[in-house]
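# Notes for the structure review
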Protein chains: 2
Amino acid sequence: MENLSVLTGKYGDEGDQLIFKILNSGDYLDKISTSDIEEGYKKLLPKISKKALRYDLTVPFARFVVMNRNDITFPFKRYQIQPVWRSDRPQKGRYCEFYQCDADVIGTPSLLCEAEIIMMIHTVFKKLNFNDFLIKVNNRKILAGIAEVLGKKGSENDLCVAIDKLDKIGIEAVKKELLEKGFDVQALQLLEPFFQLEGSIENTLSSLKKLLISSATGLLGISELEQTLSILKLSEAHCPNIALDVTLARGLSYYTGAIFEVKATSVQMGSICGGGRYDNLTGVFGLPNMSGVGISFGIDRIYDVLDELNLFPVQPSNSSQLLCCAFDEASFNEALSMVTKCRAHGINSELYPETAKMKKQLSYADDKKIPYVVIIGENERLTKKYTLKNMQSGEQNSCSMDELLSILSAK
Amino acid sequence: MENLSVLTGKYGDEGDQLIFKILNSGDYLDKISTSDIEEGYKKLLPKISKKALRYDLTVPFARFVVMNRNDITFPFKRYQIQPVWRSDRPQKGRYCEFYQCDADVIGTPSLLCEAEIIMMIHTVFKKLNFNDFLIKVNNRKILAGIAEVLGKKGSENDLCVAIDKLDKIGIEAVKKELLEKGFDVQALQLLEPFFQLEGSIENTLSSLKKLLISSATGLLGISELEQTLSILKLSEAHCPNIALDVTLARGLSYYTGAIFEVKATSVQMGSICGGGRYDNLTGVFGLPNMSGVGISFGIDRIYDVLDELNLFPVQPSNSSQLLCCAFDEASFNEALSMVTKCRAHGINSELYPETAKMKKQLSYADDKKIPYVVIIGENERLTKKYTLKNMQSGEQNSCSMDELLSILSAK
């Protein structure tokens, strides 16, 4: 939760619409007059709602950094995993409530941070066994350079808004929108070569350098990207899944340098990570010139992608390995000390909580994919030999408590 | 986030007031007439707010169980760590937004679950190195029995609401409130002996058995507690910090059996855990007779307690062990491959992102409590002998890359 005023105006008009507002507690109509209401819902809003739900983690992070500037060691690195909310129509990959995992470094312009973000994305996805992804990179200064080459220096925001829709509306519609924004019809012919860049990232950069030769800002953007790639190389980092996409714009207006977006290549899904460098995000809260860069992992979308690719293990590593089944009260008491011993040996175990029928208890183990079941009835209790059943193979063994512990500890 | 209608009416009148309501998106005034507004804020509420923020995790859990009843294996165990919100005046130990960690078992009346909750609390706090706690237990059936003994069978809710305030208002005020609720002045004399029970939990239970001899429900509550204690004993669980507190009532009205509350004994703080058994929480959502029991850990309060007792480690186990400091560009490039090698050896390392002055880089390591710093300048780069500094002792060693790796890996 944040103060509504902290969030308003940071995400563009469309973003403001998507912020969930919280109604003031108690009698929210207390000081509201008829004329307040007649002014309509937009003007009434700040009078009946002072708080709102986080739209992302970046703006609250900037607010936090400014509030705690005197207690923070800069460059400040933080990660944060928390829910955010957007009042969107829910659909696959688009949820009203979802979790983001953000990592940012603020307080240094060093391009090492950009390189480490790229390495981090590779490390995270490698741990998840997920390889079918592509990191698209670009730089807002390259987009500023393109605007400059098109004769509209300073209009990179209009350019970004239009280019952002290229996939959806096509190049002609993009040009049309730019014409309406005051771009020159002749100049727009210069746009197409930018969209036709192909090949390796090194080749694209060298072609791009020729196209942007007249823009110092554009060349600076290229140089930043080159330096980032060079840091990756010197780090001996194996980061193969990177592509330069000159049409990558990102919606948020606070980016000023590198921008990133990660797409799953084998699953239909919006971007699963996004981020970039912001030179002055803390400025609106009163702390200017604090350059930072960050990335946001969209956890729910990554979950959806891994799920679709069957990348989750069948049995989570922390779930029960053993179910103890007792069939009468005396056996239940015996099972109690058995489950305690198993747990003390680090074997995740549970005891079926009732002395229910065998079938019911075994089907519980089956449904929960518990790999082993130990059966304790009168016989087992008296002989101290318990029946250990492998639920997958169906194999059954009679074993003592010590044997049971050593069999399961070995798994 | 939940539908407001899911939450309303589950937490009592005071609870309803504390639920944060979310304003409908877009033009929330669209279908609102002047007469709607004249009816006041309470009646207007459901017309301008359809959603609300979770007040706890238990009611959303019950909603989830009912919605997914056909896909769930019962008895169903789940844990859940998520934020909840209450529109309270913020103060120490009382936050508008805080995290709960809940564990519940639903679909069995087995008292094994009560015992396992008590064991779990001990296990969790042991892992946190926290011993100064007391688990207060009681049973709603004992409270029902007391109401019956006082001649007001079925009035245990009035009794709970009054007793819940005993600590704050004292016994005379509790009696006064009960008189107003229709309890008999003579009968209320029978109340005091319940408040004077002392000694071990076994002794308290045996005294209580005499006081409740005329109430079958009360005796059942005692028997449930005794069985729970017996399961703990048979489990050979070492759970010393338990006390029976007959005045423990818990605010929420859905409890029907065991109730739990955990207090820190050496820190001034509200309860840090709370829970109990509910026989019919899913009933309001259309699935009756589904008995469950659960516990909620109040994570922020536990954090506050651990913090006050200095139980957090000075250095988190996952923070950086090594800071690489470079003082010119060539050394920075050398440091890049060093930091990569260290990370590959499992040594959490960072590279100061700029070639800043030595003092600045060392004070960064100091502030972040990074125990080792490696210094790389021209000399070190040429001789391949790096200066490793222990930040706590100040000791410095000149060592090769391999020596550095083996020194730090050994830590």
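Just so it is clear, the structure is predicted and the values come from calculations on it, not from any experiment.

Moving on, we get to the state of the cysteines. Residues and elements named next belong to chain A. For the structure on display, the rule yields zero disulfides over all chains. No disulfide involves Cys101; its sulfur sits 8.9 Å from the nearest other cysteine sulfur, which is in Cys273. For Cys101, a relative accessible area of 18% corresponds to the buried category.

In this section: the side chain of Glu224 of chain A. As for its position among the elements, Glu224 of chain A is in helix α12 (residues 216-234). Those residues within four positions of Glu224 of chain A in sequence are excluded, and the remaining contacts are Leu111, Asn139, Lys141 and Gly257 of chain A.

Residues and elements named next belong to chain B. Looking at where Cys325 falls in the secondary structure, it is placed in strand β11 (residues 322-326). Counting along the chain gives 52 residues from Cys325 to Gly377, while the straight-line C-alpha distance between them is 8.4 Å. Excluding anything up to four places from it in sequence, Cys325 contacts Gln361, Val373, Val374, Ile375 and Ile376.

Least-squares fitting of chain A to chain B yields an RMSD of 0.1 Å, with the transformation described by 0.0 Å of translation along the axis and a rotation of 180°. Both copies of the chain, as the preceding transformation shows, are related through a two-fold rotation axis. For chain A, the residue whose C-alpha comes nearest the rotation axis is Ile22 of chain A, separated from it by 2.2 Å. Interface residue correspondence from chain A to chain B reaches 100%, placing this contact among same-surface, isologous pairings.

Attention now moves to the packing of aromatic side chains. Under the counting rule described, the total for this entry stands at 25 aromatic pairs over all chains. An angle of 35° between the planes, with centres 5.8 Å apart, marks the rings of Phe130 of chain A and Phe133 of chain A as tilted. Exposure remark for Phe133 of chain A: the relative accessible area of 5% places this residue in the buried category. Joined through ring pairs, the aromatic side chains of Phe125, Phe130, Phe133 and Phe297 of chain A make up one cluster. Over the ring of Phe183 of chain A we find Lys152 of chain A; its NZ or CZ atom is 5.7 Å from the centre of that ring. Across from the ring centre of Tyr55 of chain B, 4.1 Å away, lies the NZ or CZ of Arg86 of chain B, which sits over that ring.

Once that is clear, we can look at the sheet that holds strand β11 (residues 322-326) of chain A. Pairing between the strands of a sheet is mediated by backbone hydrogen bonds and can be parallel or antiparallel. Residues and elements named next belong to chain A. One open sheet accounts for five strands, arranged β12-β11-β13-β14-β15; its pairing is mixed. Each end of this open sheet is capped by a strand with a single partner; those strands are β12 (349-351) and β15 (396-399). Between one strand and the next, the sheet's axes are offset by a mean angle of 25°, whatever the strand orientation. Two strands pair when backbone bridges link them, and strand β13 (residues 372-376) and strand β14 (residues 386-390) are joined in this way by four bridges, in the antiparallel orientation. Each residue of the ladder has a partner; that of Val373, found in β14, is Lys389. Helix α14 (residues 329-344) rests against β11, β12, β13 and β14 of the sheet, and its axis sits at about 165° to β12.

So, on to the interface of chain A and chain B. Contacts between the two partners involve 55 residues from chain A and, on the opposite side, 56 residues from chain B. Together chain A and chain B conceal approximately 4800 Å² of surface at their shared face, both sides included; 61% is due to carbon and sulfur atoms. Counting every contact that joins chain A to chain B gives six salt bridges. Ionic pairing is found between Arg343 of chain B and Glu116 of chain A, a salt bridge with its closest N-O pair at 3.0 Å. Inspection of the region where chain A meets chain B yields 24 residue pairs in polar contact (both at pLDDT 80 or more). Here the residues of the side of chain A that touches chain B are counted per class, giving 29 nonpolar, 14 polar and twelve charged.

Enumeration according to the criterion identifies 43 salt bridges over all chains in this entry. With a closest N to O distance of 2.7 Å, Arg63 of chain B and Glu2 of chain B form a salt bridge. Within this pair, whereas Arg63 of chain B is found in helix α5 (residues 58-67), its partner Glu2 of chain B is found in strand β1 (residues 2-3), the two being separated by 61 residues in sequence. Taking the relative accessible area as the measure of exposure, Arg63 of chain B reaches 21% and is therefore partly exposed. When its relative accessible area of 6% is taken as the criterion, Glu2 of chain B is described as buried. The salt bridge partner of Lys47 of chain B is Asp36 of chain B, with a shortest N-O separation of 3.0 Å. Linking Lys47 of chain B in helix α4 (residues 41-48) with Asp36 of chain B in helix α3 (residues 34-38), this pair joins segments that are eleven residues apart in sequence. Looking at Lys47 of chain B, the relative accessible area reads 37%, which means it is partly exposed. Put simply, Lys77 and Glu116 of chain A together with Arg343, Glu350 and Lys368 of chain B are held in one network by salt bridges that share partners.

Here the focus is the nonpolar core. Among the nonpolar cores identified, the biggest contains 233 residues, and Phe125, Ile146 and Leu322 of chain A together with Phe125 and Leu322 of chain B are the most heavily contacted of them. Contact partners of Leu322 of chain B, with chain neighbours within four places excluded, come to Cys342, Ile347, Asn348, Ser349, Glu350, Ile370, Tyr372, Val373, Val374, Leu388, Leu404 and Leu408 of chain B. Judged by nonpolar contacts, the second largest core, of twelve residues, contains Cys96 of chain A together with Met1, Phe20 and Leu53 of chain B.

The pLDDT averaged across chain A works out to 94; a share of 100% of its residues lies at or above 70. Our summary of model confidence lists the complex with pTM equal to 0.91 and ipTM equal to 0.89.

Cut-off values and rules
- Residues numbered from 1 in each chain as written.
- Chains lettered and ligands numbered in written order.
- Predicted model: local features only at pLDDT ≥ 70, side-chain atom pairs only at ≥ 80, totals over all residues.
- Heavy atoms only, no water.
- Disulfide = S-S within 2.5 Å.
- Buried < 20%, exposed > 50% of the residue type's maximum accessible area, 1.4 Å probe, protein only.
- Helix = DSSP H or I, 4+ residues; strand = E, 2+ residues; numbered from the N terminus.
- Contact = heavy atoms within 4.5 Å.
- Least-squares fit on C-alpha atoms with pLDDT ≥ 70 in both.
- Phe/Tyr/Trp six-rings, centres within 6.5 Å; stacked < 30°, edge-to-face > 60°.
- Lys NZ or Arg CZ within 6 Å of the ring centre and 35° of its normal.
- Pairing = 2+ DSSP bridges.
- Axes fitted to C-alpha atoms, helices over the stretch in contact; angles between N-to-C directions.
- Buried area = accessible area lost by both parts, 1.4 Å probe.
- Salt bridge = Lys/Arg side-chain N within 4 Å of Asp/Glu carboxyl O.
- Polar contact = N/O pair within 3.5 Å; in protein donor to acceptor, adjacent residues only side chain to side chain.
- Nonpolar A, V, L, I, M, F, W, Y, C, P; charged D, E, K, R; others polar.
- Core = buried A, V, L, I, M, F, W, Y, C linked by side-chain atoms within 4.5 Å.
- pLDDT = per-residue confidence, 0-100.

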